[in-house]
Amino acid sequence: MRLAPLLLAAVCAAVYAGEIPLAERRSGYEFMGPQTRAMQDDEATSPALFWLMDGETLWNGGRASCASCHGDARESMKGVATRYPRVVGGKLVNLEQRINACRVERQKAVPYPYESKELLALTAYVGRQSRGLPIALEADAATQRYIDAGRERFERPQGQLNLACAQCHDDNWGKSLAGTPVPQAHPTGYPLYRLEWQSLGSLERRLRNCMIGVRAEPYAYGAPEMVELELYLMWRARGMKLETPAVRP
Amino acid sequence: MARVAVTVPASAKRGEVIEIKTLAEHAMENGFRRTQTGELIPRDIITQFSCSYNGVEVFRAELHPAVAANPLITFTTVATESGTLEFKWTGDNGYVATHSAKIAVA
């Protein structure tokens, strides 16, 4: 009986291969076919173009516009998306929440609902300014706590299928799930145009998809648990290039 | 609001095969989906796309409910002379979008 904990530890070690070594990380882009890659590569014909157009209009529009404080997004927003989610005023926020906080506090406007065309457009427009830049999260003491919480959530089995994120995306990436390759789950291109959605969508929408897939009850949009998971995923993809707005199948 | 994006090379050699890429913003609602209360969502799609080169039609496509949202249509034509390419999309509920692009042929 004394051996039981040891045995259990050995079994767990065999089950969880652990985090993917930094050099072996692959963007979801590398798991796609040539046609889907072409859609992402050619910005002039990527369907995300229409959201970028809307984002630019929203950035410059209205009496108290984003531009009236931040100026030209192409300058001021360069690299910003590589640092989110981050701790702002003691609270962990993702880029969508940061944009909405700015709307409420500075513009005295109502926040955009999650997955609304406006919020996706603005987030994509801000994210676009960091396209090609490496993800550069700061893992300071305040942030590390949330990274650890997100990692714990990533490795914890959940739902009726009792599957952890890590079981697919750390241990079995590259294999097939119903004919489609299992990617490594690096959030390098959000918000992105997903052909399955026929629309742009956020990382939270994608995470909820997976949670419903393992028959777990998904966290609500903007829930702290969700943002911690987003943070862990971004930290896991640190140094990888941002592709916002990406295209995925 | 009918927005489109078209990529045409600004210049080409006479006789060269040029690639044209067109993207139209459209939900392409296929007419088979239902709302949560079971009502059918009416069909709303682009039904036809055409491209004419100095008034001569060089490409035409018919679109059907199986075509995805924001249809991307890529095709080639031969650069014969300088002039204008006119693009037109038409569809359900009076949807019309047009675009024109100039090309210089040397």
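Described in the following lines is the structure provided in the data block. Within each chain, residue numbers correspond to sequence positions counted from 1 in written order. To label them, take the chains in the order written and letter them from A, then take the ligands in the order written and number them from 1. Note on the predicted model: pLDDT of at least 70 is required for a residue's local features to be given, and 80 or more for side-chain atom pairs to be given and counted; whole-chain, interface and lining totals, by contrast, use all residues.

## What about the overall build of chain A?
In step 1: Helix and strand assignments follow DSSP, with helices taken as H or I runs no shorter than four residues and strands as E runs no shorter than two, numbered in order from the N terminus. Regarding its fold elements, chain A presents 11 helices and 7 strands.
In step 2: Here the C-alpha coordinates of chain A stretch approximately 70 × 45 × 30 Å along the principal axes.
In step 3: Remark: C-beta atoms are placed from the backbone, and a residue is labelled buried if 20 or more other C-beta atoms sit within 10 Å of its own, exposed if 12 or fewer do, or partly exposed between those counts. The burial tally for chain A puts 34% of its 249 residues in the buried class.
In step 4: Note on contacts: each residue gets a C-beta atom placed from the backbone, and two residues are in contact if those atoms are within 7 Å. The contacts in chain A between residues at least 6 apart in sequence include a share of 74% that link residues at least 24 apart.

## A short note on the overall build of chain B
In step 1: Scanning chain B from N- to C-terminus turns up 0 helices and 8 strands.
In step 2: Its helices and strands in sequence order give chain B the pattern β-β-β-β-β-β-β-β, from N to C terminus.
In step 3: Here the C-alpha radius of gyration of chain B, 16 Å, is well above what a compact globule of 106 residues would show, namely 13 Å.
In step 4: Based on the C-alpha atoms only, the size of chain B along its principal axes is roughly 60 × 20 × 20 Å.
In step 5: Counting over 106 residues, chain B shows a buried share of 20%.
In step 6: A sequence separation of at least 24 residues applies to 58% of the contacts in chain B between residues at least 6 apart. Here the radius of gyration uses the C-alpha set of atoms, whereas the globule reference equals 2.2 Å times the residue count to the power 0.38.

## Remarks on the pairing of strand β7 (residues 83–91) of chain B
Within a regular strand, side chains alternate between the sheet's two faces.
Residue and element names in this part refer to chain B.
In step 1: Where strand β4 (residues 46–53) and β7 come together, 7 bridges link them in antiparallel fashion. Residue pairing for β7: tyrosine 53 is matched across the bridge by leucine 85.
In step 2: Pairing between strands requires that DSSP locate at least two bridges from one strand to the other. Direction of pairing for β7 relative to strand β8 (residues 96–105): antiparallel, over a ladder of 8 bridges. Counterpart to leucine 85 in the pairing with β8 is alanine 101.
In step 3: If you look at the hairpin formed by β7 and β8, you'll find 4 residues sitting between the two strands, and asparagine 93 has a positive phi there, around 55°.

## Quick notes on the nonpolar core
In step 1: By definition, a nonpolar core groups buried Ala, Val, Leu, Ile, Met, Phe, Trp, Tyr and Cys residues that connect through C-beta atoms lying within 7 Å of each other. Membership of the largest hydrophobic core comes to 53 residues, with the highest contact counts inside it found for Ala48, Trp51, Ala121, Leu122, Ala124, Leu200 and Leu231 of chain A.
In step 2: It is helix α11 (residues 224–236) of chain A that provides the largest number of residues to this core, a total of 8 residues.
In step 3: When neighbours within four sequence positions are excluded, alanine 48 of chain A is seen to be in contact with Ala124, Tyr193, Leu200, Pro245 and Val247 of chain A.
In step 4: Grouped together as the second largest cluster of nonpolar side chains are 8 residues, Val8, Ile20, Tyr53 and Ile103 of chain B included.

## A word on the environment of glycine 31 of chain B
Residue and element names in this part refer to chain B.
In step 1: Its place among the elements puts glycine 31 in the loop between β3 (17–24) and β4.
In step 2: Taking C-alpha positions, glycine 31 is 27 Å from valine 6, a pair spaced 25 residues apart along the chain.
In step 3: Those residues within four positions of glycine 31 in sequence are excluded, and the remaining contacts are Pro42, Arg43 and Pro65.

## Some remarks on the packing of helix α8 (residues 141–155) of chain A against α11 of chain A
For any two helices packed against each other, the geometry comes down to the angle between their axes and how far apart the axes lie.
Residue and element names in this part refer to chain A.
In step 1: At their nearest, the axes of α8 and α11 sit 7 Å apart, and the two run at 95° to each other. Viewed along their axes, α8 and α11 adopt a mutual orientation that is roughly perpendicular. Listed contacts from α11 to Tyr146, Ile147, Ala149, Gly150, Arg151, Arg153 and Phe154 of α8 are Glu225, Glu228, Leu229, Leu231, Tyr232 and Trp235.
In step 2: Ten residues, namely Ala, Val, Leu, Ile, Met, Phe, Trp, Tyr, Cys and Pro, are considered nonpolar, four, namely Asp, Glu, Lys and Arg, are considered charged, and the remaining ones, Gly among them, are considered polar. When grouped by side-chain class, the residues that make up the contact of α8 with α11 number 8 nonpolar, 1 polar and 4 charged. Here, axes are lines fitted to C-alpha atoms. For helices the fit covers the stretch in contact, and angles between N-to-C directions go from 0 to 180 degrees. Under this scheme an angle from 65 to 115 degrees is roughly perpendicular, one under 35 degrees roughly parallel, and one over 145 degrees roughly antiparallel; angles in between are oblique.

## What to know about the packing of helix α6 (residues 95–105) of chain A against helix α7 (residues 117–128) of chain A
Residues and elements named next belong to chain A.
In step 1: One way to put it is that α6 packs onto α7 with a least axis distance of 10 Å and a crossing angle of 110°. Taken together, the axis directions place α6 and α7 in an arrangement best described as roughly perpendicular. Residue-level inspection shows Leu95, Glu96 and Ile99 of α6 in contact with α7, the latter providing Leu119, Leu122, Thr123, Val126 and Gly127.
In step 2: A per-class count over the contact of α6 with α7 returns 5 nonpolar, 2 polar and 1 charged.

## With respect to the sheet that holds strand β6 (residues 199–201) of chain A
Within a sheet, neighbouring strands are paired by backbone hydrogen bonds and run either parallel or antiparallel to one another.
Residues and elements named next belong to chain A.
In step 1: An order of β6-β5-β7 is seen for the 3 strands of this open sheet, with the pairing classed as mixed. The open sheet is flanked by β6 and β7 (247–248), the only strands paired with a single partner.
In step 2: One ladder, built from 3 bridges, connects strand β5 (residues 192–194) with β6; its direction is antiparallel. Bridging from a neighbouring strand, tyrosine 193 pairs with leucine 200 of β6.

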